[in-house]
Amino acid sequence: MTADLDQAGYTSLQMVEGLADKAAAVLENLRESAVAARAGERREPTFQIGQAAELVGRTPAAIRDAEKDGRLPKPERGANNRRVGYTLEQVNDMRGIFGTRPWRDPGDPPAIIAVQNFKGGVGKSTVAVHLAQYLAIQGYRVALIDCDSQASATTLFGYVPDLDLTEDETLYPFLRHDERSSLSYALKPTHFDGLYLIPSNLRLFQSEYEIAARMAQGEPGLVDRLSVGLASIAPNFDVIIMDPPPALGAISLSVLRAANALVVPVPPTIMDFSSTTAFLSMLEETLRTLAQFDRAPSLEFLKFVASRVEENKSIHKELIKLMQAIFGHHLVRAPLKNSAEIDNATARLMTVYEQQGAITSKSVRDRCLTYLNAVCKELETDIRGMWPSHQERLRKEGLV
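Here the structure is a predicted model, which is why all the values come from computation and not from measurement. (Residues numbered from 1 in each chain as written. Predicted model: local features only at pLDDT ≥ 70, side-chain atom pairs only at ≥ 80, totals over all residues. Heavy atoms only, no water.)

(A) Seen up close, the side chain of Lys-124. Along the chain, Lys-124 falls in helix H5 (residues 124-137). Overall, the relative accessible area of 6% leaves Lys-124 in the buried class. With sequence-adjacent residues up to four places away left out, Lys-124 is seen in contact with Val-115, Gln-116, Asn-117, Asp-148, Asp-243, Pro-244, Pro-246 and Pro-265. (Helix = DSSP H or I, 4+ residues; strand = E, 2+ residues; numbered from the N terminus. Buried < 20%, exposed > 50% of the residue type's maximum accessible area, 1.4 Å probe, protein only. Contact = heavy atoms within 4.5 Å.)

(B) Expanded view of unusual backbone geometry. Positive phi values are uncommon outside glycine, yet Asn-81 reaches one of about 70°. Note that Asn-81 resides in the loop between helix H3 (60-68) and strand E2 (86-87). Note on Asn-81: relative accessible area 52%, which makes it exposed. At Arg-308, a position not held by glycine, the phi torsion is positive, near 55°. Among the structural elements, Arg-308 can be located in the loop between strand E9 (301-306) and helix H13 (314-327). The partly exposed category is assigned to Arg-308, whose relative accessible area is 39%.

(C) A look at a positive patch on the surface. A cluster of basic residues, Arg-64, Lys-68, Lys-74 and Arg-77, forms a positive patch at the surface. Within the secondary structure layout, Lys-74 lies in the loop between H3 and E2. With relative accessibility at 60%, the residue Lys-74 sits in the exposed group. (Patch = residues over 30% accessible without salt bridge, like charges linked within 9 Å, V, L, I, M, F, W, Y side chains within 5 Å. Areas by Shrake-Rupley, 256 points an atom, 1.4 Å probe, with all protein chains shown as cover. Salt bridge = Lys/Arg side-chain N within 4 Å of Asp/Glu carboxyl O. Lys, Arg positive; Asp, Glu negative; His and termini not counted. Charge placed at Lys NZ, Arg CZ, Asp CG, Glu CD.)

(D) Region of the structure containing helix H4 (residues 88-98). What H4 keeps buried is the set Leu-88, Val-91, Asn-92, Met-94, Arg-95 and Phe-98. Taken down its axis, H4 places every buried residue within 150° of arc, on the same side. Contacts from the buried residues of H4 go to strand E1 (46-47), helix H2 (49-56), H3, E2 and H5. Remark: Gly-99 follows H4 within two positions and exhibits a positive phi of approximately 70°. (Arc of directions from axis to C-beta.)

This is the structure in structure tokens:
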């Protein structure tokens, strides 16, 4: 019988190895054939002068005048002598010239946001990545930290995690408490000016067990290790966004400990609402436990985002009304509706914000951008509300 079991186990191993080899080969072919989608090959999004003026907070005429008098470089022109679109880096240079950068003051706390739910498939990485890119487009200095070994956020920046990245380029070495004193070693510039990524790969999964085992052996301070790392890079950023695993483990605890704001995506389905209810109960228990060790986070805001919304489904409408009644001002007013534009961009390992044109149709893309911008704009207001230096401006804009 033992021999039979051994043989069965060996046969199972062979089967899994064969499938793993085939999958790896296909993934390698995808990488080879999709060179244009690779992180190192991507280019910044570009903006026409009207869009650039709106982002900078000045008129197109003011930009043209600054180009004429030498404060800004002459615009690039194409073969037809028309202006080539401005890159985000050029838009940020304009913000510097016109004094319209939205950065926090050095005395303001950085916003450290966990986009978290303990259930997969809720749009967590989609929200995290699009929020990071939206904020970068608005001119903020942003770090996106992929804390999930599934590496969905990393993949959306064009990396094939376990082929393009080693464990030394992720959180893994720092969380193991090696000799590193800063997370700066892992920050990678992206094709969005002002946006940096700390990527992930499957190896990060191993740290879950290592950290949990060491905490059980008398090292509870390991839950603060991520906080220490964020503090080492925080002076260079306005916003740090974390995309944690969809489970309550050692890394998720570390993320909660480090965060000062929480964004929870919730698709309006019975199962997802039930899962989120369980998440809130677990979150309450976790915060109580952390408080016993004087490690409870202080959340500046907690926001729920109705994600993956199907506008034609009556049950979605009913559940959104229920969520509005329960969560009140903690629910982002704009729902993040499902869109073929997001799905098609994701299939290309990209996002809607970096596509220069519509993948589906202009009307679908415009609707998708309306949803994304509305959600991100409200979260941007919550972020700015954390900063004393922005209070007067928020009042003038009628946002508080």
